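Each chain is listed here by its residues.
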Amino acid sequence: MVEMGRHKVFREDVRCPHCGSNWCIKNGKANGKQTFLCRQCNHRFTPEAKRHVHPMWLKKRAIDMYLEGMSISGISRVLGISLVTVYSWIKKKAEWALKVYRHKCLMQRERKCKEISMDEMWTYIGCRRGSGRNSKWIWTCVAGDKFLFEVGLRNEETFLQFYNQIPEAELYYTDEFKVYDWLSFDKHIKGVNAKAKTNRNEAKHSVLRDKLARLRRKTKAYSKSLLMLCGSIALLVIKNNWI
């Protein structure tokens, strides 16, 4: 039987930096330099390109600066590293933090607390103003020394989703938002009588706005994706041992 198609061409002078294969073909030029396409993993590359390997301490410094209220563009300027590179470091760490946070939430669900306070904090994603701006609400819960959150709309659906993630409590303290009427009447304290407890949530909100540039009011920094918003909050929660 005759084998159809192009024969594999293995080059001794070129190796794919992504998978290490020698099965590479020429694939045009970029800025006057020959580029190749790896037929093994479809990675396009230039053999002469310099690939920077940044030390771990530099990545950690960028994350620490981010969690102290600096914007990603500000970190890029101070460290002299491209914006795309800094963003990729923070995004990767935020995705990891969100997975860890979700896992710890499942553990918290089995707890029983004496009292829980709940509140909401407004923010937005997409763009700073105009029709492209999507309002989001960060639902927060303080259960003892633990802090839990959920991001979504200010409606029953998001509340019930959040409620199913938090521990069971003997008393719930909230504001007078109508959706909290889902809570058991004999366990629910709301309004002025709950203010002393919901102040704990307001204190956490203040820390979030101080430490994450994307949550501050009247700033150029904002969230373009829900993943980065949730991941950034999870990153700060884990750093501060709030869960």
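Scroll up to find the structure.
The following refers to the structure shown. (Residues numbered from 1 in each chain as written. Predicted model: local features only at pLDDT ≥ 70, side-chain atom pairs only at ≥ 80, totals over all residues. Heavy atoms only, no water.)

## A few points about the sheet that holds strand β7 (residues 168–174)
Overall, mixed pairing links the five strands, which are arranged β6-β5-β4-β7-β8 in an open sheet. The open sheet has two edge strands with one neighbour each: β6 (146–152) and β8 (188–190). Within this sheet the neighbouring strands show an average axis-to-axis angle of 25°, counted without direction. Where strand β4 (residues 112–125) meets β7, five bridges bridge the pair, whose relative direction is parallel. Across the sheet, residue isoleucine 116 finds its bridge partner in β7, namely tyrosine 172. Packing against the sheet, helix α5 (residues 195–211) makes contact with β4, β5 (134–143), β6 and β7, and its axis sits at approximately 40° to β4. (Pairing = 2+ DSSP bridges. Helix = DSSP H or I, 4+ residues; strand = E, 2+ residues; numbered from the N terminus. Axes fitted to C-alpha atoms, helices over the stretch in contact; angles between N-to-C directions. Contact = heavy atoms within 4.5 Å.)

## A few points about the packing of helix α1 (residues 56–66) against helix α2 (residues 72–79)
At a closest axis distance of 10 Å, the pairing of α1 and α2 adopts a crossing angle of 140°. With respect to each other, α1 and α2 are oriented oblique. Helix-helix and strand crossings are classified by hand; for α1 and α2 the assignment is right-handed. Between α1 and α2, the residues in contact are Leu58, Arg61, Ala62, Met65 and Tyr66 and Ile72, Ile75, Val78 and Leu79, respectively. For the contact of α1 with α2, a count of residues per class yields eight nonpolar, no polar and one charged. (Parallel < 35°, antiparallel > 145°, perpendicular 65-115°, else oblique. Left-handed = near helix turned anticlockwise from the far one by under 90°. Nonpolar A, V, L, I, M, F, W, Y, C, P; charged D, E, K, R; others polar.)

## Looking at the pairing of β4
Looking down a regular strand, the side chains alternate between one sheet face and the other. Most of β4 is tucked away: 11 of the 14 residues are buried. Across nine bridges, the pairing between β4 and β5 is antiparallel. Counted as the bridge partner of glutamate 120 is tryptophan 139 from β5. (Buried < 20%, exposed > 50% of the residue type's maximum accessible area, 1.4 Å probe, protein only.)

## As for the side chain of lysine 136
Within the secondary structure, lysine 136 is located in strand β5. At 9.6 Å, glutamate 150 is the nearest oppositely charged side chain to lysine 136, a buried residue that forms no salt bridge. Here lysine 136 is in contact with Met121, Trp122, Thr123, Tyr124, Ile125, Val151, Gly152 and Leu153, once residues within four sequence places are set aside. (Lys, Arg positive; Asp, Glu negative; His and termini not counted. Salt bridge = Lys/Arg side-chain N within 4 Å of Asp/Glu carboxyl O.)

## Focus: the pattern of salt bridges
As a working rule, side chains carrying opposite charge can pair if their charged atoms are close by. Applying the stated criterion to the full structure yields eight salt bridges. As a salt-bridge pair, lysine 211 and glutamate 68 come within 2.9 Å of each other at their nearest N and O atoms. Residue lysine 211 is located in helix α5, and its partner glutamate 68 is located in the loop between α1 and α2; the two are separated by 143 residues in the primary sequence. Notably, a salt bridge pairs lysine 239 with glutamate 68, separated by 3.5 Å at the nearest N-O pair. Of this pair, lysine 239 sits in helix α6 (residues 226–239) while glutamate 68 sits in the loop between α1 and α2, placing them 171 residues apart in sequence.

Without other data, these values stay purely geometric and don't point to any function.
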